[in-house]
Amino acid sequence: MKPSSELDDNVARALQAADRAKLPRPAAVLSLATGLGTLAGRLTNSGRLPFSKLDGAPQRWRDVLLHYGELEGATLWLYEDAPADAAAGEPAWSAVFPVWLAGAAGAATLIHVCAGAATAPAAAGGLRAGTLALVRDHLNLSGGTPLVGLGASRLGAQFPDQTRTHDAHLRRQAVALCAQLGLEARECVAACTLGPTLETPAERAAWATLGAQVSAQRLIEPLHAAAHAGLGVLAVAPVIAEGGEELDLAKLAARASALAPAIDDLLVQLVRAARVEAFERSREGRREA
């Protein structure tokens, strides 16, 4: 048996601390880079725990709260993104440590929400502001990965398969629910960029040529971690910047805030649909038995 990595050891320690704190094991984990919105308040049997209470959690997560509870009968973990800057000496995997922790705790699904920018002008068929980009595939243009140094990890394969990272079934459910809720949504290829600078017009035009309809900063980190940990992903990138428009931070922040309630509603409906579907499968199984 190959030796474990530092990540494996830290995940094991954090999971033991979570069990001692009676943190419920999740069915899914929600990583909300655009903010928690009202979701934490919709949980029942809920609580919150700072990552600083979980031995093994990296330094950059110490001030972040892990919210937990039930939504539509499903046990969830929710958290906002940690600061982008790592503490001195922290490895690349520290940026998305909770993804591996949730996977080790039993989660099967990661839903990640982050802001997106359209790569082409709306007049040329690009995404309009307010559209929910539902990622079906991605391009890693960040120049990095959180998987650096994980050759000895037993939490996942050394060369994770990315062809099944994006959960097609969950994405189709999201498309249908967006139609019911009156939300504009489109399945997209995402250009995963580093940031924190906003993109230049030439960069967005180049990414459109490569086949990306939306760009999103720091998206590759949760995608690669989920692929390694074996979690299916639904990545949602609400478009707050249109291709070709002059970017203004105040306008982008206002658009993000305006989209928050719709995203909350979509996520609640997604969890509800998943629970109903699971019940129907269980009932059909009982009939066959």
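Scoring rules and cut-offs
- Residues numbered from 1 in each chain as written.
- Predicted model: local features only at pLDDT ≥ 70, side-chain atom pairs only at ≥ 80, totals over all residues.
- Heavy atoms only, no water.
- Pairing = 2+ DSSP bridges.
- Helix = DSSP H or I, 4+ residues; strand = E, 2+ residues; numbered from the N terminus.
- Right-handed = clockwise from strand over helix to strand, strands pointing away.
- Buried < 20%, exposed > 50% of the residue type's maximum accessible area, 1.4 Å probe, protein only.
- Core = buried A, V, L, I, M, F, W, Y, C linked by side-chain atoms within 4.5 Å.
- Contact = heavy atoms within 4.5 Å.
- Salt bridge = Lys/Arg side-chain N within 4 Å of Asp/Glu carboxyl O.
- pLDDT = per-residue confidence, 0-100.
- Phe/Tyr/Trp six-rings, centres within 6.5 Å; stacked < 30°, edge-to-face > 60°.
- Axes fitted to C-alpha atoms, helices over the stretch in contact; angles between N-to-C directions.
- Left-handed = near helix turned anticlockwise from the far one by under 90°.
- Nonpolar A, V, L, I, M, F, W, Y, C, P; charged D, E, K, R; others polar.
- Polar contact = N/O pair within 3.5 Å; in protein donor to acceptor, adjacent residues only side chain to side chain.

### Quick look at the pairing of strand β9 (residues 214-217)
In the case of a regular strand, side chains alternate between the two sheet surfaces.
Here's step 1: Bridge analysis of strand β6 (residues 116-118) against β9 gives two bridges, and the strand direction is antiparallel. In the strand pairing of β9, Ala118 is matched with Val214.
Here's step 2: Taken together, the four bridges between strand β8 (residues 185-193) and β9 define a ladder with parallel strand orientation. Each bridged residue has a counterpart across the sheet, and for Ala190 the counterpart in β9 is Val214.
Here's step 3: Between β8 and its parallel partner β9, the chain crosses via helix α5 (residues 201-209), and the hand of that crossover is right-handed.

### Some details on helix α6 (residues 220-229)
Owing to its 3.6 residues per turn, the α-helix brings residues three or four apart onto one side.
Here's step 1: In terms of burial, α6 is largely enclosed, as eight of its ten residues are buried.
Here's step 2: If you check which residues of α6 are buried, you get Ile220, Pro222, Leu223, His224, Ala225, Ala226, Ala227 and His228.
Here's step 3: Just past α6, the residue Gly230 takes up positive phi, approximately 85 degrees.

### Brief notes about the nonpolar core
Here's step 1: Of all hydrophobic cores here, the largest spans 50 residues; its most connected members are Phe51, Leu54, Trp77, Phe97, Leu101 and Leu219.
Here's step 2: Per-element accounting of this core gives the leading share, six residues, to helix α1 (residues 6-20).
Here's step 3: When near neighbours in sequence (up to four residues on either side) are disregarded, Trp77 contacts Leu23, Pro24, Pro26, Ala28, Val29, Leu30, Leu66, His67, Tyr68, Leu101, Ala102 and Ala105.

### Concerning the pattern of salt bridges
Here's step 1: Enumeration over the complete set of coordinates arrives at 13 salt bridges.
Here's step 2: Salt-bridge contacts for Asp55 lead to Arg13; the nearest nitrogen and oxygen are separated by 2.9 Å. Within this pair, whereas Asp55 is found in the loop between β2 (44-50) and β3 (65-71), its partner Arg13 is found in helix α1, the two being separated by 42 residues in sequence.
Here's step 3: Assessed through its relative accessible area of 41%, Asp55 is described here as partly exposed.
Here's step 4: Here Asp265 ties to Arg42 by a salt bridge, and the two come within 3.1 Å at their closest N and O atoms. Here the residue Asp265 occupies a position in helix α7 (residues 249-288), and Arg42 occupies one in helix α2 (residues 39-42), the gap between them amounting to 223 residues.
Here's step 5: Residues participating in the shared-partner salt-bridge network are Asp81, Arg218 and Glu221.

### A look at the confidence of the model for the chain
Here's step 1: In the predicted model, the chain carries a mean pLDDT of 91, and 92% of its residues have values of at least 70.
Here's step 2: Looking at the elements of the chain, mean pLDDT is at its lowest for α7, recorded as 75, and at its highest for strand β7 (residues 132-140), recorded as 98.
Here's step 3: With pLDDT under 50 throughout, residues 278-289 is counted as low confidence; its partners more than four residues away or in other chains account for one contact.

### With respect to the environment of Val64
Here's step 1: Along the chain, Val64 turns up in the loop between β2 and β3.
Here's step 2: Once the C-alpha coordinates of Val64 and Glu80 are considered, the two residues, 16 residues apart in sequence, prove to be 7.2 Å apart.

### Considerations on the packing of aromatic side chains
Ring pairs (aromatic) are described by centroid distance and by the angle formed between their planes.
Here's step 1: One pass over the structure, following the stated rule, counts four aromatic pairs.
Here's step 2: Where Phe51 meets Trp61, the ring centres are 5.3 Å apart and the plane angle is 55 degrees; that geometry is what we call tilted. Here Trp61 lies in the loop between β2 and β3 and Phe51 lies in the loop between β2 and β3, a separation of ten residues in the sequence. The same class applies to Phe51 and to Trp61, which are both buried.
Here's step 3: Taking 5.5 Å as the distance between ring centres and 85 degrees as the angle between the ring planes, the aromatic pair formed by Trp61 and Tyr79 counts as edge-to-face. With Trp61 in the loop between β2 and β3 and Tyr79 in strand β4 (residues 74-80), this pair connects stretches of sequence that are 18 residues apart. In this pair, the class of Trp61 matches that of Tyr79, namely buried.
Here's step 4: One aromatic cluster is present, built from ring pairs that chain together Phe51, Trp61 and Tyr79.

### Side note on the pairing of β8
Here's step 1: By the bridge criterion, eight bridges tie β7 to β8 in an arrangement that is parallel. The residue bridging Leu132 from the neighbouring strand is Ala185, located in β8.

### Regarding the packing of α1 against helix α3 (residues 97-104)
Here's step 1: Closest axis-to-axis distance for the α1/α3 pair is 10 Å, and the angle between their directions is 60 degrees. When you trace α1 past α3, the crossing you get is right-handed. Each of Leu7, Asn10, Val11, Ala14 and Leu15 in α1 lies in contact with α3, whose residues at this interface are Phe97, Trp100, Leu101 and Ala104.
Here's step 2: Of the residues belonging to the contact of α1 with α3, the class tally is eight nonpolar, one polar and no charged.

### Overview of the side chain of Thr131
Here's step 1: With respect to the element layout, Thr131 can be found in the loop between β6 and β7.
Here's step 2: Engagement of the side chain of Thr131 in a polar contact is seen with the backbone oxygen of Arg128, the distance being 2.9 Å.
Here's step 3: Apart from residues lying up to four places away in sequence, Thr131 is in contact with Glu184, Ala185, Arg186, Ala237, Pro238 and Val239.

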